[in-house]
Amino acid sequence: MKVHCPRCDRRIAEFVRVEKVGVQMAVCRNCNIQAHASYEHKDGNDYWDVHFEHTNRRGDGSLGFAGFLILTIVAFIALFYFFAR
Ligand SMILES: [Zn+2]
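Residues numbered from 1 in each chain as written. Predicted model: local features only at pLDDT ≥ 70, side-chain atom pairs only at ≥ 80, totals over all residues. Heavy atoms only, no water.

Draft legend 1. Region of the structure containing the overall build of the protein. Regarding its fold elements, the protein presents two helices and five strands. Across the protein, helices and strands are ordered from the amino to the carboxyl terminus as β-β-α-β-β-β-α. Against the 2.2 N^0.38 benchmark of 12 Å for 85 residues, the protein shows a C-alpha radius of gyration of 23 Å, more extended than a compact globule. Projected onto its principal axes, the C-alpha coordinates of the protein cover approximately 85 × 20 × 15 Å. The 85 residues of the protein split such that 18% are buried. In the protein, the proportion of contacts linking residues at least 24 apart, taken out of those at least 6 apart, comes to 16%. Of the roughly 7,100 Å² that the protein leaves accessible, carbon and sulfur atoms contribute 57%. Averaging the locations of the 11 positively and 9 negatively charged side chains of the protein gives two centres separated by 13 Å. (Helix = DSSP H or I, 4+ residues; strand = E, 2+ residues; numbered from the N terminus. Rg over C-alpha atoms; globule rule 2.2 N^0.38 Å. Buried < 20%, exposed > 50% of the residue type's maximum accessible area, 1.4 Å probe, protein only. Contact = heavy atoms within 4.5 Å. Areas by Shrake-Rupley, 256 points an atom, 1.4 Å probe, with all protein chains shown as cover. Lys, Arg positive; Asp, Glu negative; His and termini not counted. Charge placed at Lys NZ, Arg CZ, Asp CG, Glu CD.)

Here it is as structure tokens:
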């Protein structure tokens, strides 16, 4: 079972063990998307379930840093205008 990243279309993994183990997980090296696969054999039928996850913890940190940068720039502009008069 081959799984491609939904965002960059890279092949994340080939879930070869999922039918024996039941669950398998892999991460896209390009954009950090996690792929979770599960397999179930029930009532003579086979069920595959794949879902993708992208946690955005680093994004919050960079947003806070950008906000701090903007505040610093605004403060410098205010100071510049204050002394220019
Ligand atoms: Zn990707």
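Draft legend 2. The pairing of strand β2 (residues 11–14), seen in detail. In the sheet, strand β1 (residues 2–4) pairs with β2 via three bridges, with the strands oriented antiparallel. Pairing of V3 across the sheet is with A13, part of β2. (Pairing = 2+ DSSP bridges.)

Draft legend 3. Just the packing of aromatic side chains, in detail. The tally for this structure, following the rule as stated, stands at three aromatic pairs. Relative to W48, the ring of Y39 has its centre 5.1 Å away and its plane inclined at 55°; by these criteria the two rings are tilted. Given the relative accessible area of 17%, Y39 is considered buried. For W48, a relative accessible area of 43% puts it in the partly exposed group. For the cation-ring pair, K42 lies above Y47, with the distance from its terminal atom to the ring centre recorded as 5.8 Å. (Phe/Tyr/Trp six-rings, centres within 6.5 Å; stacked < 30°, edge-to-face > 60°. Lys NZ or Arg CZ within 6 Å of the ring centre and 35° of its normal.)

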